[in-house]
Structure formats: C-alpha cells, structure tokens
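Descriptive structure summary
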Amino acid sequence: QSDMENVLLEVKSKIEIPAELTEFETSTGYRGESTFYFRWSDKDGEKSMAVEASGEGNILSYSYYSDDMYAENEMRIDTGFELAKMQEFATETLKKAVPELFSDENDLLVALPYTDPMKISSQNRYNFFYQRKKDGVKVKDNTASVSVVETSDGFVANNVNIIWDY
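Residues numbered from 1 in each chain as written. Predicted model: local features only at pLDDT ≥ 70, side-chain atom pairs only at ≥ 80, totals over all residues. Heavy atoms only, no water.

**Remarks on the environment of Thr-91**
Within the secondary structure, Thr-91 is located in helix α2 (residues 80–97). Between the alpha carbons of Thr-91 and Ser-145 there is a distance of 9.6 Å; along the sequence they are 54 residues apart. Sequence-distant contacts of Thr-91, that is, excluding residues within four places in its chain, are made with Phe-102 and Tyr-130. (Helix = DSSP H or I, 4+ residues; strand = E, 2+ residues; numbered from the N terminus. Contact = heavy atoms within 4.5 Å.)

**Thoughts on unusual backbone geometry**
In this model, Asp-135 sits at a positive phi of 50°, which is unusual for a non-glycine residue. Unlike most non-glycine residues, Asp-141 shows phi in positive territory, near 60°. Mapped onto the elements of the fold, Asp-141 is located in strand β8 (residues 137–151). In this structure Asp-141 comes out as exposed when scored by relative accessible area, which is 55%. (Buried < 20%, exposed > 50% of the residue type's maximum accessible area, 1.4 Å probe, protein only.)

**What to know about helix α1 (residues 3–14)**
With 12 residues, α1 should cover 16 Å at 1.5 Å per step; its first-to-last C-alpha distance of 17 Å lies within 8% of that length. Burial in α1 covers these residues: Val-7, Leu-8, Val-11 and Lys-14. Down the axis of α1, the buried set is contained in an arc of 125°. They therefore lie on one face. (Expected span 1.5 Å × (residues − 1). Arc of directions from axis to C-beta.)

This is the structure:
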C-alpha cells in the first residue's frame, strides 16, 4: 500500500465518513512535512467533508459542510446544561479524531473556559478551545479548536483544527 492509502485508512479509523458522501478526491501538500488532503462530497455538492492529515496519519484539521446547516435557526439562550452537552460533544469529537492527545494524563488537551457563542449566517455556532498541558504546564502553540453547529438534527462538528508537536 502507498503512504496515502495508509494515511487514508488511519483517517477513516478515526472519523466517520457519512455514507451519502460518495464522491472522493485527494491531493498532497507540504506543511513542514508531507500532508494529505482528502475530500468527500455528495453528488449534488450539498454536503462535503475535508480532512488534512500528516504523512504519519495524524489529523491536522477537518471540516464538514451541509447546505442545511445554513437553514434559518433562531438563536436561543442556552442554559449551562446545554452548553455542557455541547462541550462534551466537542471533546468526544476530538477524542475520536485524535485519541493520542488524550492517552497520557500528564500530557493532554484541556478544555478552556467557554466563551460566548457566535451567530454566523443564521447558524448557532459554538467554538470550543483546548490547550495542551504537559505535567500541569501549558505548552505554547499546542492547541485545538472545535466549532459545533446546532442543527435541527442535533450537533455537528463542522470545523476541527489541531496544532500539536508530536
């Protein structure tokens, strides 16, 4: 198998690709090291998912897009309980995508305090941020973020970014 095939298998073991995304494209790049870019979409172009991964198979970022994420949604005031559920969803999303960043209790991502939601293009989007801590000390420039969009069907992680010195 080629390096790209191995990385693709690693990515698919961590992120679920929706079955309706049947169109597939790949490309390569360089970001201090070789990177692979994978993109899936449906035939109508209404939904897509893109993943960027390192040559070792570490997920650097991924995003999900669906036309129905931009349907008119009424912004609502969320209780602390609902925000806690969204934070948990964001954390679980990261744990599935990059489990290695949570495997050592002395070197892991820690959720930062939640800040205010952003209303973008009629979306209810909530941004959650994480900081790497090693032996209780923050590690500079080692972070992650997850943007969660609330849809009528529940929560969707529509943008995930990871900066980690492996």
